[in-house]
Amino acid sequence: MDELIIEQKIEMESKLVRSESMSILKEFDESEDLLRLENYSYDNSKSSDE
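From a predicted model like this one, the values you see are computed outputs, not experimental measurements. (Residues numbered from 1 in each chain as written. Predicted model: local features only at pLDDT ≥ 70, side-chain atom pairs only at ≥ 80, totals over all residues. Heavy atoms only, no water.)

Engineer: How do you make sense of the overall build of the protein when you look at a structure like this?
Structural biologist: Across its full length, the protein holds one helix and zero strands. Per-residue burial for the protein yields a buried fraction of 0% across its 50 residues. In the form shown here, the protein has an accessible surface area of approximately 5,100 Å², with 57% of it arising from carbon and sulfur atoms. (Helix = DSSP H or I, 4+ residues; strand = E, 2+ residues; numbered from the N terminus. Buried < 20%, exposed > 50% of the residue type's maximum accessible area, 1.4 Å probe, protein only. Areas by Shrake-Rupley, 256 points an atom, 1.4 Å probe, with all protein chains shown as cover.)

Engineer: What exactly am I supposed to notice about a negative patch on the surface here?
Structural biologist: There is a patch of like negative charges on the surface, built from E20, E27, D29 and E30. The residue E30 is located in helix α1 (residues 2-49) in this model. (Patch = residues over 30% accessible without salt bridge, like charges linked within 9 Å, V, L, I, M, F, W, Y side chains within 5 Å. Salt bridge = Lys/Arg side-chain N within 4 Å of Asp/Glu carboxyl O. Lys, Arg positive; Asp, Glu negative; His and termini not counted. Charge placed at Lys NZ, Arg CZ, Asp CG, Glu CD.)

Engineer: Help me out: how do you make sense of the pattern of salt bridges in this one?
Structural biologist: Two side chains bearing opposite charge may form a pair once their charged atoms approach each other closely. Under the definition given, this model contains two salt bridges. K15 is the salt-bridge partner of E11, the closest N and O atoms lying 3.6 Å from each other. Of the two residues, E11 and K15 are both situated in helix α1; the distance of four residues between them amounts to about one turn of the helix. On the accessibility criterion, K15 (48% relative accessible area) is partly exposed. D33 serves as the salt-bridge partner of R36, at 2.9 Å between the closest nitrogen and oxygen.

Rendered as structure tokens:
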């Protein structure tokens, strides 16, 4: 009985960790996109100034 409970807890924890990892990766991807966009607009304004 105890083993089953332990296995269930481990499984739940694994799902939580996987979910958290996916959120972090998604946020990272979005921030990378924003960074590229900022660099692009910065490059654009820089070239128009010259």
